[in-house]
Amino acid sequence: MASSISNAPRESHTVHHHELLDITSLKDLPESYAWKGFDRFPMKDSTAPVTIPVIDLADPKAIELIGHACKTWGTFQVTNHGIQKKLLDDVEKASRELFALPMEQKLKVSETAGGLPGYGQARIASCFAQKMWSEGFTVYGSPLEHFRQLWPEDYSKYCDLYEEYEKQMRKLAAKLLWLSLGSLGISKSDIDWAGQTGEFETRSAAIRLNSYPSCPDPDRAVGLAPHTDSSIITILHQSTVGLKVLREETGWVLVPVVPDALVVNVGDFLHILSNGLYPSVTHQVVVNRTQHRLTVAYFYGSPPEVKVSPLSKLVGPCETPLYRSITWQEYLIHKSQDPYSALSKIRSSAPFNGSG
Ligand SMILES: C=C1C[C@]23C[C@@]1(O)CC[C@H]2[C@@]12CCC[C@@](C)(C(=O)O1)[C@H]2[C@@H]3C(=O)O
Ligand SMILES: O=C(O)CCC(=O)C(=O)O
Ligand SMILES: [Fe+2]
(Lines give C-alpha, C1' and ligand atoms only; values in the text may rest on other atoms or scores of the structure.)
(Ligands and ions follow the chains in the order given, each with its own letter.)
Protein backbone atom coordinates (compact mmCIF):
# COMPACT_ATOMS: atom_id res chain seq x y z
CA MET A 1 0.00 0.00 0.00
CA ALA A 2 1.40 3.43 -0.88
CA SER A 3 2.19 5.62 2.05
CA SER A 4 0.88 8.87 0.69
CA ILE A 5 -2.08 10.11 -1.22
CA SER A 6 -1.27 11.18 -4.76
CA ASN A 7 -3.06 14.43 -4.31
CA ALA A 8 -1.63 15.02 -0.88
CA PRO A 9 1.97 15.91 -0.31
CA ARG A 10 3.22 15.04 3.18
CA GLU A 11 3.00 18.54 4.59
CA SER A 12 -0.36 19.66 5.73
CA HIS A 13 -2.42 21.98 3.52
CA THR A 14 -4.66 23.75 5.95
CA VAL A 15 -7.72 25.08 4.16
CA HIS A 16 -8.10 28.64 5.34
CA HIS A 17 -11.66 29.82 5.49
CA HIS A 18 -10.99 32.85 3.32
CA GLU A 19 -9.95 30.39 0.58
CA LEU A 20 -13.30 28.62 0.68
CA LEU A 21 -15.50 29.43 -2.26
CA ASP A 22 -19.24 29.50 -2.16
CA ILE A 23 -19.46 26.31 -4.19
CA THR A 24 -23.23 26.43 -4.53
CA SER A 25 -22.96 29.13 -7.19
CA LEU A 26 -20.18 27.66 -9.38
CA LYS A 27 -20.96 26.68 -12.97
CA ASP A 28 -17.56 25.00 -13.58
CA LEU A 29 -15.34 22.93 -11.33
CA PRO A 30 -12.33 25.02 -10.28
CA GLU A 31 -9.01 23.15 -10.63
CA SER A 32 -8.53 23.39 -6.85
CA TYR A 33 -11.54 21.05 -6.52
CA ALA A 34 -10.46 18.55 -9.20
CA TRP A 35 -9.09 15.19 -7.96
CA LYS A 36 -7.05 12.65 -9.86
CA GLY A 37 -7.73 9.74 -7.54
CA PHE A 38 -6.20 8.45 -4.33
CA ASP A 39 -2.96 6.45 -3.92
CA ARG A 40 -3.82 5.10 -0.54
CA PHE A 41 -7.19 3.74 -1.59
CA PRO A 42 -8.39 1.94 -4.69
CA MET A 43 -10.60 3.81 -7.12
CA LYS A 44 -12.62 0.97 -8.46
CA ASP A 45 -16.22 0.27 -7.60
CA SER A 46 -17.24 -3.21 -6.68
CA THR A 47 -18.34 -5.19 -9.68
CA ALA A 48 -19.80 -7.88 -7.44
CA PRO A 49 -23.50 -7.26 -6.75
CA VAL A 50 -23.12 -6.77 -2.99
CA THR A 51 -25.21 -4.60 -0.67
CA ILE A 52 -24.52 -3.76 2.92
CA PRO A 53 -26.67 -5.65 5.44
CA VAL A 54 -30.03 -4.18 6.45
CA ILE A 55 -31.00 -5.30 9.95
CA ASP A 56 -34.43 -5.02 11.52
CA LEU A 57 -33.94 -4.26 15.22
CA ALA A 58 -37.19 -6.10 15.97
CA ASP A 59 -35.72 -9.30 14.53
CA PRO A 60 -35.00 -11.77 17.35
CA LYS A 61 -31.73 -12.58 15.57
CA ALA A 62 -30.66 -8.90 15.49
CA ILE A 63 -27.75 -9.49 17.86
CA GLU A 64 -26.12 -12.17 15.68
CA LEU A 65 -26.86 -10.24 12.50
CA ILE A 66 -25.25 -7.10 13.91
CA GLY A 67 -22.22 -9.06 15.11
CA HIS A 68 -21.81 -10.61 11.68
CA ALA A 69 -22.22 -7.27 9.88
CA CYS A 70 -19.68 -5.59 12.18
CA LYS A 71 -17.16 -8.37 11.57
CA THR A 72 -17.57 -8.67 7.82
CA TRP A 73 -18.45 -5.13 6.75
CA GLY A 74 -17.92 -2.72 9.64
CA THR A 75 -21.21 -1.15 8.59
CA PHE A 76 -24.89 -1.94 8.25
CA GLN A 77 -28.27 -0.23 7.99
CA VAL A 78 -30.84 -0.50 10.69
CA THR A 79 -34.64 -0.34 10.55
CA ASN A 80 -37.19 -0.27 13.38
CA HIS A 81 -34.71 1.86 15.31
CA GLY A 82 -37.36 3.90 17.11
CA ILE A 83 -36.29 7.35 15.84
CA GLN A 84 -39.33 9.16 14.47
CA LYS A 85 -39.27 10.11 10.82
CA LYS A 86 -40.45 13.60 11.71
CA LEU A 87 -37.38 14.21 13.87
CA LEU A 88 -35.05 13.07 11.07
CA ASP A 89 -36.90 15.23 8.53
CA ASP A 90 -36.88 18.26 10.84
CA VAL A 91 -33.13 18.02 11.46
CA GLU A 92 -32.46 17.66 7.75
CA LYS A 93 -34.65 20.69 7.06
CA ALA A 94 -32.88 22.78 9.73
CA SER A 95 -29.57 21.75 8.25
CA ARG A 96 -30.70 22.84 4.78
CA GLU A 97 -31.67 26.20 6.28
CA LEU A 98 -28.27 26.54 7.94
CA PHE A 99 -26.27 25.95 4.76
CA ALA A 100 -28.58 28.26 2.79
CA LEU A 101 -27.53 31.21 5.00
CA PRO A 102 -25.19 33.77 3.41
CA MET A 103 -21.49 32.82 3.56
CA GLU A 104 -20.63 35.87 5.74
CA GLN A 105 -23.06 34.64 8.35
CA LYS A 106 -21.78 31.04 8.27
CA LEU A 107 -18.21 32.30 8.60
CA LYS A 108 -19.16 34.06 11.83
CA VAL A 109 -19.46 30.60 13.39
CA SER A 110 -16.55 29.00 11.58
CA GLU A 111 -14.46 26.28 13.19
CA THR A 112 -11.27 27.56 14.64
CA ALA A 113 -8.04 25.66 14.04
CA GLY A 114 -8.13 22.09 15.26
CA GLY A 115 -11.64 21.27 14.16
CA LEU A 116 -13.57 22.65 17.08
CA PRO A 117 -17.34 22.98 16.72
CA GLY A 118 -18.81 25.22 14.08
CA TYR A 119 -18.91 25.74 10.34
CA GLY A 120 -16.11 24.52 8.09
CA GLN A 121 -14.45 21.75 6.16
CA ALA A 122 -13.90 18.30 7.65
CA ARG A 123 -10.61 17.96 9.54
CA ILE A 124 -9.23 15.60 6.93
CA ALA A 125 -9.25 18.55 4.49
CA SER A 126 -5.85 19.54 5.84
CA CYS A 127 -4.31 16.34 4.39
CA PHE A 128 -5.06 17.22 0.79
CA ALA A 129 -4.04 19.91 -1.63
CA GLN A 130 -7.43 19.57 -3.33
CA LYS A 131 -10.60 20.86 -1.77
CA MET A 132 -13.62 18.73 -1.09
CA TRP A 133 -17.00 19.57 -2.56
CA SER A 134 -18.75 19.95 0.79
CA GLU A 135 -19.38 22.12 3.79
CA GLY A 136 -20.10 21.01 7.33
CA PHE A 137 -21.25 22.22 10.68
CA THR A 138 -20.21 20.38 13.84
CA VAL A 139 -22.11 20.51 17.10
CA TYR A 140 -19.96 19.45 20.03
CA GLY A 141 -21.45 20.39 23.39
CA SER A 142 -24.08 23.09 23.29
CA PRO A 143 -24.87 24.73 19.94
CA LEU A 144 -26.51 27.70 21.75
CA GLU A 145 -23.91 30.39 21.06
CA HIS A 146 -23.54 29.45 17.41
CA PHE A 147 -27.27 29.15 16.82
CA ARG A 148 -27.82 32.51 18.50
CA GLN A 149 -25.55 34.06 15.88
CA LEU A 150 -27.06 32.14 13.00
CA TRP A 151 -30.70 32.64 13.92
CA PRO A 152 -30.94 35.60 16.35
CA GLU A 153 -34.74 35.47 16.32
CA ASP A 154 -35.59 31.82 16.71
CA TYR A 155 -32.41 30.06 17.84
CA SER A 156 -34.16 28.33 20.75
CA LYS A 157 -36.34 26.32 18.34
CA TYR A 158 -33.18 24.96 16.67
CA CYS A 159 -31.50 24.28 20.03
CA ASP A 160 -34.52 22.25 21.20
CA LEU A 161 -34.45 20.25 17.99
CA TYR A 162 -30.76 19.36 18.36
CA GLU A 163 -31.18 18.52 22.01
CA GLU A 164 -33.95 16.08 21.14
CA TYR A 165 -31.90 14.57 18.31
CA GLU A 166 -28.86 14.13 20.57
CA LYS A 167 -31.00 12.50 23.28
CA GLN A 168 -32.63 10.01 20.94
CA MET A 169 -29.40 9.20 19.08
CA ARG A 170 -27.57 8.64 22.37
CA LYS A 171 -30.14 6.03 23.42
CA LEU A 172 -30.02 4.29 20.05
CA ALA A 173 -26.22 4.34 19.98
CA ALA A 174 -26.03 2.71 23.44
CA LYS A 175 -28.48 0.04 22.29
CA LEU A 176 -26.54 -0.67 19.11
CA LEU A 177 -23.26 -0.77 20.99
CA TRP A 178 -24.54 -3.35 23.48
CA LEU A 179 -25.94 -5.45 20.65
CA SER A 180 -22.66 -5.36 18.75
CA LEU A 181 -20.62 -6.17 21.86
CA GLY A 182 -23.22 -8.66 23.11
CA SER A 183 -22.56 -10.81 20.11
CA LEU A 184 -18.93 -11.07 21.28
CA GLY A 185 -20.05 -12.20 24.74
CA ILE A 186 -19.52 -8.79 26.36
CA SER A 187 -22.02 -7.64 28.97
CA LYS A 188 -22.56 -4.37 30.82
CA SER A 189 -20.38 -5.43 33.74
CA ASP A 190 -17.38 -5.74 31.40
CA ILE A 191 -17.19 -1.99 30.79
CA ASP A 192 -16.81 0.01 33.98
CA TRP A 193 -17.20 3.37 32.24
CA ALA A 194 -20.66 2.38 30.91
CA GLY A 195 -22.25 3.81 34.08
CA GLN A 196 -24.90 2.27 36.38
CA THR A 197 -27.56 1.85 33.71
CA GLY A 198 -25.18 0.93 30.91
CA GLU A 199 -26.31 4.09 29.08
CA PHE A 200 -22.90 5.81 29.21
CA GLU A 201 -24.27 8.89 31.01
CA THR A 202 -20.92 10.67 30.72
CA ARG A 203 -20.57 9.97 27.04
CA SER A 204 -19.17 12.40 24.56
CA ALA A 205 -20.65 12.81 21.15
CA ALA A 206 -20.65 15.14 18.19
CA ILE A 207 -23.23 15.82 15.53
CA ARG A 208 -22.03 16.88 12.11
CA LEU A 209 -24.28 18.29 9.44
CA ASN A 210 -22.83 17.64 6.00
CA SER A 211 -23.83 19.50 2.87
CA TYR A 212 -22.84 18.41 -0.64
CA PRO A 213 -24.18 20.90 -3.20
CA SER A 214 -24.93 19.68 -6.72
CA CYS A 215 -21.69 19.71 -8.69
CA PRO A 216 -21.00 20.72 -12.34
CA ASP A 217 -18.35 17.97 -12.77
CA PRO A 218 -19.11 15.21 -10.26
CA ASP A 219 -16.67 12.66 -11.74
CA ARG A 220 -13.67 14.83 -10.91
CA ALA A 221 -14.91 16.06 -7.52
CA VAL A 222 -14.86 14.41 -4.08
CA GLY A 223 -17.54 15.15 -1.46
CA LEU A 224 -15.61 13.72 1.45
CA ALA A 225 -12.30 11.90 0.97
CA PRO A 226 -11.93 8.32 2.22
CA HIS A 227 -11.60 8.04 5.98
CA THR A 228 -12.67 6.06 9.00
CA ASP A 229 -14.53 7.74 11.86
CA SER A 230 -12.87 8.04 15.28
CA SER A 231 -16.13 7.27 17.06
CA ILE A 232 -17.23 4.05 18.74
CA ILE A 233 -20.09 4.04 16.29
CA THR A 234 -21.50 6.65 13.92
CA ILE A 235 -25.18 6.80 13.06
CA LEU A 236 -25.85 8.49 9.74
CA HIS A 237 -29.11 9.82 8.39
CA GLN A 238 -29.13 10.09 4.59
CA SER A 239 -32.13 10.61 2.36
CA THR A 240 -30.23 10.54 -0.94
CA VAL A 241 -27.29 8.41 -2.09
CA GLY A 242 -23.63 9.45 -2.07
CA LEU A 243 -21.97 7.39 0.65
CA LYS A 244 -19.62 4.62 -0.51
CA VAL A 245 -18.00 2.06 1.76
CA LEU A 246 -14.83 0.16 0.97
CA ARG A 247 -14.87 -3.62 0.89
CA GLU A 248 -11.25 -4.69 0.69
CA GLU A 249 -12.05 -7.71 -1.49
CA THR A 250 -14.30 -6.00 -4.01
CA GLY A 251 -13.90 -2.21 -4.01
CA TRP A 252 -16.30 0.64 -3.27
CA VAL A 253 -19.95 -0.15 -2.63
CA LEU A 254 -22.64 2.53 -2.80
CA VAL A 255 -24.90 2.53 0.25
CA PRO A 256 -28.48 2.61 -1.05
CA VAL A 257 -31.20 4.65 0.60
CA VAL A 258 -33.47 2.20 2.39
CA PRO A 259 -36.70 3.91 3.48
CA ASP A 260 -36.64 4.75 7.20
CA ALA A 261 -33.24 3.14 7.75
CA LEU A 262 -30.19 4.66 9.42
CA VAL A 263 -26.63 3.78 8.46
CA VAL A 264 -24.39 2.55 11.28
CA ASN A 265 -20.60 2.64 10.89
CA VAL A 266 -18.09 0.93 13.14
CA GLY A 267 -15.59 3.60 14.19
CA ASP A 268 -11.97 3.33 15.31
CA PHE A 269 -12.93 3.14 18.99
CA LEU A 270 -15.11 0.05 18.51
CA HIS A 271 -12.28 -1.44 16.49
CA ILE A 272 -9.99 -0.83 19.48
CA LEU A 273 -12.53 -2.07 22.05
CA SER A 274 -13.12 -5.25 20.05
CA ASN A 275 -9.35 -5.82 19.91
CA GLY A 276 -9.48 -5.63 16.12
CA LEU A 277 -12.38 -8.06 15.64
CA TYR A 278 -14.55 -5.36 14.12
CA PRO A 279 -12.93 -3.24 11.38
CA SER A 280 -13.70 0.47 11.30
CA VAL A 281 -15.18 0.99 7.87
CA THR A 282 -13.42 3.20 5.32
CA HIS A 283 -15.94 5.38 3.54
CA GLN A 284 -16.09 8.35 1.19
CA VAL A 285 -18.76 10.56 -0.32
CA VAL A 286 -19.36 11.10 -4.02
CA VAL A 287 -21.32 14.06 -5.34
CA ASN A 288 -23.84 14.41 -8.12
CA ARG A 289 -24.83 16.86 -10.84
CA THR A 290 -28.41 17.59 -9.86
CA GLN A 291 -29.10 17.05 -6.19
CA HIS A 292 -27.97 18.97 -3.13
CA ARG A 293 -27.35 16.18 -0.61
CA LEU A 294 -27.60 16.73 3.15
CA THR A 295 -26.69 14.21 5.81
CA VAL A 296 -26.56 14.17 9.59
CA ALA A 297 -23.84 12.14 11.31
CA TYR A 298 -23.93 11.33 15.03
CA PHE A 299 -20.48 10.37 16.38
CA TYR A 300 -20.80 8.38 19.60
CA GLY A 301 -17.59 8.42 21.61
CA SER A 302 -16.40 7.40 25.05
CA PRO A 303 -16.34 9.74 28.08
CA PRO A 304 -13.59 12.32 27.51
CA GLU A 305 -11.28 11.37 30.37
CA VAL A 306 -11.64 7.58 30.21
CA LYS A 307 -8.70 5.55 28.95
CA VAL A 308 -10.14 3.00 26.56
CA SER A 309 -8.37 -0.20 25.66
CA PRO A 310 -9.28 -3.54 24.08
CA LEU A 311 -11.75 -5.39 26.30
CA SER A 312 -9.81 -7.92 28.35
CA LYS A 313 -12.33 -10.70 27.58
CA LEU A 314 -11.39 -10.36 23.91
CA VAL A 315 -7.66 -10.63 24.47
CA GLY A 316 -6.32 -14.18 24.78
CA PRO A 317 -4.42 -15.13 27.97
CA CYS A 318 -1.05 -15.15 26.17
CA GLU A 319 -1.76 -12.21 23.90
CA THR A 320 -0.91 -8.53 24.12
CA PRO A 321 -3.90 -6.26 23.42
CA LEU A 322 -3.64 -4.97 19.84
CA TYR A 323 -3.83 -1.34 20.98
CA ARG A 324 -2.54 0.63 23.93
CA SER A 325 -5.06 2.53 26.02
CA ILE A 326 -6.03 6.06 25.03
CA THR A 327 -8.79 8.58 25.76
CA TRP A 328 -11.13 9.68 22.98
CA GLN A 329 -9.90 13.24 23.37
CA GLU A 330 -6.29 12.18 22.91
CA TYR A 331 -7.24 10.05 19.95
CA LEU A 332 -9.16 12.89 18.26
CA ILE A 333 -6.00 14.98 18.48
CA HIS A 334 -3.91 12.19 16.88
CA LYS A 335 -6.57 11.77 14.24
CA SER A 336 -6.71 15.45 13.36
CA GLN A 337 -2.92 15.59 13.07
CA ASP A 338 -2.52 12.47 11.00
CA PRO A 339 -5.87 10.83 10.14
CA TYR A 340 -4.36 8.02 8.09
CA SER A 341 -1.94 6.69 10.69
CA ALA A 342 -3.68 7.46 13.98
CA LEU A 343 -4.68 3.82 14.53
CA SER A 344 -1.35 2.31 13.59
CA LYS A 345 0.44 4.75 15.90
CA ILE A 346 -1.33 3.34 18.95
CA ARG A 347 -1.00 -0.26 17.86
CA SER A 348 1.07 -2.35 20.28
CA SER A 349 4.26 -3.72 18.88
CA ALA A 350 4.39 -7.41 17.95
CA PRO A 351 2.62 -9.68 20.44
CA PHE A 352 4.66 -11.81 22.87
CA ASN A 353 4.55 -14.86 20.63
CA GLY A 354 6.00 -12.76 17.86
CA SER A 355 3.23 -13.46 15.36
CA GLY A 356 0.65 -11.10 13.81
C1 LIG B 1 -15.99 13.98 16.91
C2 LIG B 1 -15.50 14.22 15.72
C3 LIG B 1 -15.22 13.19 14.70
C4 LIG B 1 -14.65 13.96 13.52
C5 LIG B 1 -13.98 15.10 14.23
C6 LIG B 1 -15.07 15.54 15.21
O7 LIG B 1 -14.58 16.42 16.18
C8 LIG B 1 -16.23 16.19 14.43
C9 LIG B 1 -16.15 15.93 12.94
C10 LIG B 1 -15.78 14.50 12.61
C11 LIG B 1 -15.25 14.34 11.18
C12 LIG B 1 -16.36 14.24 10.11
C13 LIG B 1 -15.74 13.98 8.75
C14 LIG B 1 -14.60 12.93 8.76
C15 LIG B 1 -13.66 13.16 9.97
C16 LIG B 1 -12.46 12.22 9.90
C17 LIG B 1 -13.30 14.62 10.01
O18 LIG B 1 -12.38 15.13 9.44
O19 LIG B 1 -14.23 15.30 10.79
C20 LIG B 1 -14.46 13.05 11.24
C21 LIG B 1 -13.70 13.19 12.57
C22 LIG B 1 -13.25 11.84 13.10
O23 LIG B 1 -14.02 10.88 13.08
O24 LIG B 1 -12.10 11.78 13.54
O1 LIG C 1 -22.38 12.28 4.34
C2 LIG C 1 -22.12 11.08 4.33
O3 LIG C 1 -22.69 10.25 3.64
C4 LIG C 1 -21.01 10.57 5.22
C5 LIG C 1 -20.51 11.60 6.19
C6 LIG C 1 -19.32 11.11 6.96
O7 LIG C 1 -18.70 10.15 6.62
C8 LIG C 1 -18.91 11.84 8.17
O9 LIG C 1 -19.53 12.88 8.50
O10 LIG C 1 -17.95 11.36 8.81
FE1 LIG D 1 -17.34 9.51 8.20
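Residues numbered from 1 in each chain as written. Chains lettered and ligands numbered in written order. Predicted model: local features only at pLDDT ≥ 70, side-chain atom pairs only at ≥ 80, totals over all residues. Heavy atoms only, no water.

- Where an unreviewed UniProt entry is consulted, the chain appears under the name gibberellin 3beta-dioxygenase, with the organism given as Rhamnella rubrinervis.
- Quoted verbatim from the Sequence similarities (unreviewed entry) field of UniProt, the annotation for the chain is "Belongs to the iron/ascorbate-dependent oxidoreductase family. GA3OX subfamily."
- Recorded in UniProt under Cofactor (unreviewed entry), the annotation for the chain is "L-ascorbate". (UniProt positions renumbered as here; feature names shortened; annotations may be inferred.)

Some points on the site of ligand 1
Turning to step 1, where the next piece is worked out: Neighbouring ligand 1 are 13 residues, the closest being Arg123, Ile124, Asp229, Ser230 and Lys335.
Turning to step 2, where the next piece is worked out: Note that an oxygen atom of ligand 1 is positioned 2.8 Å from one of the backbone N or O atoms of Arg123.
Turning to step 3, where the next piece is worked out: In this structure, an oxygen atom belonging to ligand 1 sits 3.0 Å away from a main-chain N or O atom of Ile124.
Turning to step 4, where the next piece is worked out: For ligand 1, the cavity whose grid points lie within 2 Å of the majority of its atoms is the largest pocket. (Near = heavy atom within 4 Å. Polar contact = N/O pair within 3.5 Å; in protein donor to acceptor, adjacent residues only side chain to side chain. 1 Å grid on protein atoms, 1.4 Å probe; cavity = no way out; pocket = protein on both sides within 12 Å on 5 of 7 lines; lining within 4 Å. Sits in = over half its atoms within 2 Å of the grid points.)

Observations concerning the environment of Val255
Turning to step 1, where the next piece is worked out: With respect to the secondary-structure elements, Val255 resides in the loop between strand 9 (251–254) and strand 10 (262–266).
Turning to step 2, where the next piece is worked out: On the basis of relative accessible area, Val255 is assigned to the buried category, the value being 0%.
Turning to step 3, where the next piece is worked out: Ignoring any residue separated from it by four or fewer positions in sequence, one finds Val255 in contact with Ile52, Gln77, Gln238, Val241, Leu243, Val245 and Val263. (Helix = DSSP H or I, 4+ residues; strand = E, 2+ residues; numbered from the N terminus. Buried < 20%, exposed > 50% of the residue type's maximum accessible area, 1.4 Å probe, protein only. Contact = heavy atoms within 4.5 Å.)

With respect to the site of ligand 2
Turning to step 1, where the next piece is worked out: Neighbouring residues of ligand 2: 13 residues in total, closest Asn210, Tyr212, His283, Arg293 and Thr295.
Turning to step 2, where the next piece is worked out: Between ligand 2 and Tyr212, the relevant distance is 2.7 Å, taken from an oxygen atom to a side-chain nitrogen or oxygen of the residue.
Turning to step 3, where the next piece is worked out: Note that an oxygen atom of ligand 2 is positioned 2.7 Å from one of the side-chain N or O atoms of Thr295.
Turning to step 4, where the next piece is worked out: In a pocket analysis with a 2 Å cut-off to the grid points, ligand 2 is assigned to the largest pocket.
Turning to step 5, where the next piece is worked out: Taken together, the elements giving at least two residues each to the shell around ligand 2 come down to strand 5 (204–212), strand 6 (224–227), strand 11 (283–285) and strand 12 (293–301).
Turning to step 6, where the next piece is worked out: Examining the composition of the shell around ligand 2, we find that four residues originate from one element, strand 12, more than from any other.
Turning to step 7, where the next piece is worked out: When grouped by side-chain class, the residues that make up the shell around ligand 2 number seven nonpolar, four polar and two charged. (Nonpolar A, V, L, I, M, F, W, Y, C, P; charged D, E, K, R; others polar.)

Re the coordination of the iron ion (ligand 3)
Turning to step 1, where the next piece is worked out: Listed as protein donors to the iron ion (ligand 3) are His227 (NE2), Asp229 (OD) and His283 (NE2); their distances from the metal cover 2.1 to 2.2 Å.
Turning to step 2, where the next piece is worked out: All donors of the iron ion (ligand 3) come from a single chain, and their spacing in sequence reads H-x1-D-x53-H. For the pair shown, His227 and Asp229 are each scored as buried. (Donors = N, O, S within 2.8 Å, 3.2 Å for Na, K, Ca; no water.)

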